[in-house]
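Breakdown of the fold
Residue strings, one per chain:
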Amino acid sequence: MAAAKQPTVRTASGDGRSVNYPFLTLEAAIEQARRLWASVGSNRVPIPAAGAAWGYAERSSGLRSTVSALKQYGLLQDIGEGAQRQVRLTDRALDIFLEAPESAKHKDALRAAVSSPKIYREVFDRFPAGLPAQDHAISSFLLRDRDFNRNAVARFIEGLRANIRFAGAPLPGSAPAPRTQRDETPGESSSAVAGFNQDVYTLGSEGRVLLQWPEKISQASYDELTDWIELQLKKIARVNGLKGRRIS
């Protein structure tokens, strides 16, 4: 059986370090999980047996990369080592293609799979309000903060966006990553979502404040927002035992 062509998001040669991320998009990885399920169910199998289900030879790079991709998404787990090494599908994989598409289990499993690869989590932590509509900010983060291979950035972002579209639901919230001097400076802003503006203020080592608002806002809404912000500041002062300051 010939291996089907799969959309990939692997790295290319070039400067910058090689960052480990899935060889396959999530959609392609799930299709491979389905093939394994059709062949062996949820049983433990040696790597060559999994390769046979996917049409890969035992020593092919495609087999190694497919196993790695499914593991990164949490669809496959390792059992044993060396010659005794086996793999089997995880409960997450079964939740994705056995549960009804509208079920909470199916949707939760998809979201968890999208955010499982380490580098994906780092991107989501960097943009907790959602990925920017344009690729520039993501590219800058990958190249400057993660020393990403520059020849792989465009394909990486394309694959990540494809995964998010495929998941079809908001990703689980995650705490913002600690800030450094190479990250945003106080007052630096970026457009987190199309139609919205975003501003970030870093409070030293204590963390940061993230504010997002519509690009177009009426006077009445502005006045309401001012009152709401003042109320939040009063709450923060009260909870932390601080002396409040009135907005002028």
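Preceding this paragraph is the structure being described.
What this report covers is the structure whose coordinates are included nearby.

Parameters at a glance
- Residues numbered from 1 in each chain as written.
- Predicted model: local features only at pLDDT ≥ 70, side-chain atom pairs only at ≥ 80, totals over all residues.
- Heavy atoms only, no water.
- Salt bridge = Lys/Arg side-chain N within 4 Å of Asp/Glu carboxyl O.
- Helix = DSSP H or I, 4+ residues; strand = E, 2+ residues; numbered from the N terminus.
- Buried < 20%, exposed > 50% of the residue type's maximum accessible area, 1.4 Å probe, protein only.
- Contact = heavy atoms within 4.5 Å.
- Axes fitted to C-alpha atoms, helices over the stretch in contact; angles between N-to-C directions.
- Parallel < 35°, antiparallel > 145°, perpendicular 65-115°, else oblique.
- Left-handed = near helix turned anticlockwise from the far one by under 90°.

**Let's talk about the pattern of salt bridges**
As enumerated under the stated definition, the model contains seven salt bridges in all. Two residues, Arg161 and Asp135, come together in a salt bridge whose shortest N-O distance is 2.9 Å. In this pair, Arg161 sits in helix α8 (residues 153–167) while Asp135 sits in the loop between α6 (118–126) and α7 (136–145), placing the two residues 26 residues apart along the sequence. Each of Lys71, Asp78 and Arg85 takes part in one network of salt bridges that share partners.

**With respect to α6**
Within the span of α6, buried status applies to Ile119, Tyr120, Glu122, Val123, Phe124 and Arg126. For α6, the elements touching its buried residues are α5 (104–114), α7, α8 and β6 (208–214).

**With respect to unusual backbone geometry**
For Asp147, which is not glycine, the phi torsion reads 50 degrees and is therefore positive. As for its position among the elements, Asp147 is in the loop between α7 and α8.

**Some points on the packing of α7 against α8**
The contact between α7 and α8 brings their axes to 10 Å, and the two run at 125 degrees. Taken together, the axes of α7 and α8 are oblique relative to one another. The interaxial crossing formed by α7 with α8 has right-handed handedness. In this structure, α7 uses Ile138, Ser139, Leu142 and Leu143 to contact α8, whose residues at the interface are Val153, Phe156, Ile157 and Arg161.

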